[in-house]
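Read off the chains here:
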Amino acid sequence: MFSAATRRGSGLGFAMPAILLLAAFFVIPVVFLLTRSVTEPQLGLQNYAALVGSTTYAKVFFNTFLVAGVVTLVTVLIAFPVAWALAIMPGRWASVVFAIILLSMWTNLLARTYAWMVLLQQTGLINRMLKAIGLIDQPLQLTNNLIGVTIGMVYIMLPFMILPLMGVIKKIDPAILQAAALCGATKWQALTRVLVPLAAPGIASGALMVFVMSLGYYVTPSLLGGTANMMLAELIAQQVQSLVNWGMGGAAAFLLLLVTLGLYAVQLRFFEPKEGR
Amino acid sequence: MLLDFHKLGAWRWVLTAICAVMSLFLLLPILFIVALSFGSSRWLIFPPPGWTLKWYEELFADPRWIGAALTSAKIGVIVMVISVVLGLLASLALVRGTFRGRAVLRAFFLTPMVLPVVIVAVALYAAFLRLGLNGTLPGFVIAHVIVALPFAIITITGALETFDPAIEDAAILCGASPWEARLRVTLPGIRHGLFSAAIFSFLISWDEVVLAIFMASPTLQTLPVKVWTTLRQDLTPVIAAASTLLVALTVLLMIAAAVLRKGKSE
Amino acid sequence: MKTTLIALAFASALTSAAQAQDMVFTSWGGTTQDAQAAHWAAPFTEKGGPAVVQDGPTDYGKIKAMVEAGAVTWDVVDVEYDWALQAGKAGLLEPLDFAVIDKTKLDPRFVSDFAVGSFYYSFVLGWNPANFADAQPSTLADLFDTAKFPGKRTFYKWSAPGVIEAALLADGVAPDALYPLDLDRAFKKLDTIKADIIWWEGGAQSQQLLASGEAPIGFFWNGRISALQSDGMEVGVSWDQNITAADALVVPKGAKNKDAAMKFIAEATSAEGQAAFAAATGYAPINLGSADLMDPAVRATLPDAQTAVQVNADMAYWAEHRDEIGNRWYAWQAQ
């Protein structure tokens, strides 16, 4: 909280520039587009009825959240140990790993995705290597399915989770962990009952970012996944750009927004962020 | 003693192994791209039948690539600065503010990230047509700030939430003005968050393709648009060459920064 | 202060005059647009027309937004022919000025009120011979026969004329009985190989899939196959029941340089322009006089020399049912 000595107002003023920018250049244009979901092709809720009644959309919707969930989970599982290690490793090694992470973010997204496409192909390097060392006889199907999408998206999302989490872990007072050890906690107990809870805000905000990003992605999933794993964003792109049906595209986008905000509200209810100290 | 690397015992090797495997995972496509950029086949076949420099020749012969990269960098830097500043202010309000509806405001700031980019792109494009902002630098920057801001806000709020405001209050009690306290105590305290926010904002803008396709004009092209249209039409290793050059440039910059830092500390 | 203002006004008048003169041509990018720039735009400017600025990629959402807002920045756009017909009916395009564009010399399959053909191409059966030791594929039915010719197949991902027709033909439908399209039958046929389909989104990806062997057989744009062959690759091609489709040149409604646009289209559809473009890309000219201007050896590789076993996709039918087919197509893909 702002201390009594410094509190001049509720603090809302600080957020005004961002709010005004978003209101003018995001809310208004998007609302205009989304109202077309109830006015095109005719006034009414037909677009929504079509979406809700269609098994295809239900499948795509479900698949989108499934992929986003899987990607987030895998990313968290890999990012946590890596962020932890980076936060405490000796400087030189940490710098090298850090540099590699930045380098992967900096390489063009499309180039990275195409590289994965070629690497994961049945005739690609990974399958050939696995065959060479005798692990498999037939090439594995690594693209055009959920595996390919997960690999590709985790690859892109990892840095987004590792960097903030690393910062959060660095700020944890080592004395707390020392105290836990002195109180007789095993390493595993210290991990699950002290370190993870302390790092939880970082994990939560990173996971939220990755999850929401994954919901809206379609370039990587469309290149690495088959159409059976189609994500909602691709469907919306088809409607908006190929079929130029802004009513339908807008309706699907609005539904996605509603469901996501709903999930966010649920998350808030059960995992309320601390109200300052 | 989980936060002391040397006291971790066997766990040290587990963590190191995970880091090593992940680093290899991150490097694999990049090394692959570098290798492909020297391959003589037009198609992305590995191992390539021969080696050549012709893709680099083609790259340098076409000034549009360099122009696109410079434009992307310029826009990225401007977007980075604006996002971090606006994001910092908004985060201060969200974390330290006392007004009601903070949770709602936080959700509001997230919405540009939730809505599929193509919707934001078409909506902004239609709006900018009437404002005359299409194909202009300010329009491009505004569009990218809109999608980068949620990232800045998430990372900075994450950092602010773990920063004890009592430290800032203590500075004020010691005689600093509120703004002085913020600048000299809080900002350094959340510098990891600020750094992450800056990097993410820049990279979101740098790699962003959908909005860029809508906001671009023949004279204002960003690198991802050039890569996208080239990849769709003509898959050649020229893109690999472009990516490799950027990677090389980044590595050089990182080495330079490391050398400078070492020089300062000696 | 006053002189600065006058200078500024003068400068902006000059620049805006110069910009109003430039014509904007939009296409899909890559070497195809490079060829269009070299063989249509360059001669156009040389013959006294305004400078032509290249823009892209073509985006139907953008066109709709531009026309609605009355702020059209594209003067001539290369689009898919069936979309052009639909867009014309929806009022998004300017009617073409046939006093300027000579339509008597143009292939009547690709002439309409709002659009003329830009070029046309065929979908052909292509395969990597190395993957098929015994028999080589030769008909569309073989494309759907995973028992005799195992491996992944690759088809064009977007809803467009070509793939549905191929499925119906492979299922035994006679070419003149294709329309109206029996979508159920087509999807049923495609379902038999759906697990083996890799979709290509762009021409380059299709070439990559074939060249790398990831998809040893598929249905491709003929120009892409010719490019592979001229690159020295061993590629099997069958023109049996090749399916034609076309791109179109259109002028969005409210374009700022309508007159220049019409003259540009006239140049682009001229016999010389079409011949030069065809030679450069492997796509077929829509000007009936171009054939005489071309090298016979080159002519033999073009779709228009393969008319014997050719099936023309019905653009008017597609224009009429574009949305309905599109929705069913994407829904089927997502299942």
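The shown structure was predicted, so the numbers you read here are calculated from the model rather than taken from an experiment. (Residues numbered from 1 in each chain as written. Chains lettered and ligands numbered in written order. Predicted model: local features only at pLDDT ≥ 70, side-chain atom pairs only at ≥ 80, totals over all residues. Heavy atoms only, no water.)

**Quick word on the pattern of salt bridges**
Next, step 1: All chains considered together, the criterion is met by 20 salt bridges over all chains.
Next, step 2: Put simply, B:Glu180 and B:Arg184 hold a salt bridge, and the shortest N to O gap is 3.8 Å. Pair noted here: B:Glu180 and B:Arg184 are both in helix 8 (residues 178–189), with a separation of four residues, about one helical turn.
Next, step 3: Residue class for B:Glu180 comes out partly exposed when judged on its relative accessible area of 35%.
Next, step 4: With a shortest N-O distance of 3.0 Å, C:Arg328 and C:Asp184 are connected by a salt bridge. Here C:Arg328 is found in helix 14 (residues 315–334), whereas its partner C:Asp184 is found in helix 7 (residues 183–191), with 144 residues between them in sequence.
Next, step 5: A relative accessible area of 34% places C:Arg328 in the partly exposed class. (Salt bridge = Lys/Arg side-chain N within 4 Å of Asp/Glu carboxyl O. Helix = DSSP H or I, 4+ residues; strand = E, 2+ residues; numbered from the N terminus. Buried < 20%, exposed > 50% of the residue type's maximum accessible area, 1.4 Å probe, protein only.)

**Quick notes on the nonpolar core**
Next, step 1: Membership of the largest hydrophobic core comes to 302 residues, with the highest contact counts inside it found for A:Trp84, B:Phe109 and C:Phe264.
Next, step 2: Considering each element in turn, this core owes the most residues, 17 residues, to helix 3 (residues 55–88) of chain A.
Next, step 3: Ignoring sequence-local partners within four residues, the contact set of B:Phe109 consists of A:Ala15, A:Ala18, A:Ile19, A:Leu22, B:Ala90, B:Leu94, B:Pro150 and B:Ile153.
Next, step 4: The next biggest cluster of nonpolar side chains, apart from the first, holds 13 residues, and it includes B:Val84, B:Leu92, B:Ile190 and B:Ala197. (Core = buried A, V, L, I, M, F, W, Y, C linked by side-chain atoms within 4.5 Å. Contact = heavy atoms within 4.5 Å.)

**Some words on empty space enclosed by the protein**
Next, step 1: Under the defined criterion, the tally for this structure stands at eight cavities of 30 Å³ or more.
Next, step 2: Space inside the largest cavity adds up to approximately 910 Å³.
Next, step 3: Around the largest cavity, the lining comprises 39 residues; the ones closest to its centre are B:Arg232, C:Trp28, C:Thr58, C:Tyr156 and C:Trp158.
Next, step 4: Considered class by class, the residues forming the lining of the largest cavity number 18 nonpolar, 12 polar and nine charged.
Next, step 5: One number sums up the size of the second largest cavity: a volume of about 530 Å³.
Next, step 6: Around the second largest cavity sit 26 residues that line it, and A:Met213, A:Tyr217, B:Val117, B:Ile204 and B:Glu208 are the ones nearest its centre.
Next, step 7: When residues of the lining of the second largest cavity are traced back to their parent elements, those giving at least two are helix 5 (109–120), helix 7 (146–170) and helix 9 (187–216) of chain A together with helix 4 (102–114), helix 5 (117–131), helix 6 (137–161), helix 9 (191–207) and helix 10 (210–215) of chain B.
Next, step 8: For the lining of the second largest cavity, the per-class residue count stands at 22 nonpolar, one polar and three charged. (1 Å grid on protein atoms, 1.4 Å probe; cavity = no way out; pocket = protein on both sides within 12 Å on 5 of 7 lines; lining within 4 Å. Points joined across faces, edges and corners; volume = space filled by probe spheres on them. Nonpolar A, V, L, I, M, F, W, Y, C, P; charged D, E, K, R; others polar.)

**Details of the packing of aromatic side chains**
Next, step 1: With the rule as written, the count across this model stands at 49 aromatic pairs over all chains.
Next, step 2: Ring centres 6.0 Å apart and planes at 75° place the aromatic pair A:Phe25 and B:Phe128 in the edge-to-face group. Remark: B:Phe128 occurs in helix 5 and A:Phe25 occurs in helix 1 (residues 12–39); the pair is interchain, linking two chains.
Next, step 3: On the accessibility criterion, B:Phe128 (0% relative accessible area) is buried. (Phe/Tyr/Trp six-rings, centres within 6.5 Å; stacked < 30°, edge-to-face > 60°.)

**Thoughts on the pairing of strand 5 (residues 153–156) of chain C**
Residues and elements named next belong to chain C.
Next, step 1: Note: strand 5 against strand 6 (residues 197–200), four bridges, orientation parallel. Within strand 6, the position partnered with tyrosine 156 by the bridge is tryptophan 200.
Next, step 2: Here strand 5 runs beside strand 7 (residues 217–221); their pairing, made up of two bridges, is parallel. Across the sheet, the residue bridging to threonine 154 is glycine 218, located in strand 7. (Pairing = 2+ DSSP bridges.)

**Here we look at the domain arrangement of chain B**
For interface size, the figure often reported is the accessible area lost on association.
Residue and element names in this part refer to chain B.
Next, step 1: Assigned domains within chain B: domain 1 (5–37) and domain 2 (63–265).
Next, step 2: Each of domain 1 and domain 2 was reduced to a C-alpha centroid, and the two centroids are 27 Å apart.
Next, step 3: Contacts between domain 1 and domain 2 engage five residues on the former and six residues on the latter.
Next, step 4: Buried area between domain 1 and domain 2, summed over both chains or domains, comes out near 390 Å², and the portion from carbon and sulfur atoms is 80%.
Next, step 5: It is Ile33, Val34 and Ser37 in domain 1 that bury the most area against domain 2; as a group they hold 72% of the surface buried on that side.
Next, step 6: Remark: the boundary between domain 1 and domain 2 carries one residue pair in polar contact (both at pLDDT 80 or more).
Next, step 7: By residue class, the composition of the side of domain 1 that touches domain 2 is four nonpolar, one polar and no charged. (Domains from an automatic or database assignment. Buried area = accessible area lost by both parts, 1.4 Å probe. Polar contact = N/O pair within 3.5 Å; in protein donor to acceptor, adjacent residues only side chain to side chain.)

**A closer look at unusual backbone geometry**
Next, step 1: Residue C:Pro57 follows C:Gly56 across a cis peptide bond; omega there is -5°.
Next, step 2: Residue C:Pro180 is reached from C:Tyr179 by a cis peptide bond, and omega for that bond is 0°.
Next, step 3: Residue placement: C:Pro180 occurs in the loop between helix 6 (163–170) and helix 7.
Next, step 4: One non-glycine residue with positive phi stands out, namely A:Asn144, at about 65°.
Next, step 5: Tracing the backbone shows A:Asn144 in the loop between helix 6 (125–132) and helix 7.
Next, step 6: Located in the positive-phi region is C:Gln241, a residue other than glycine, with phi close to 55°.

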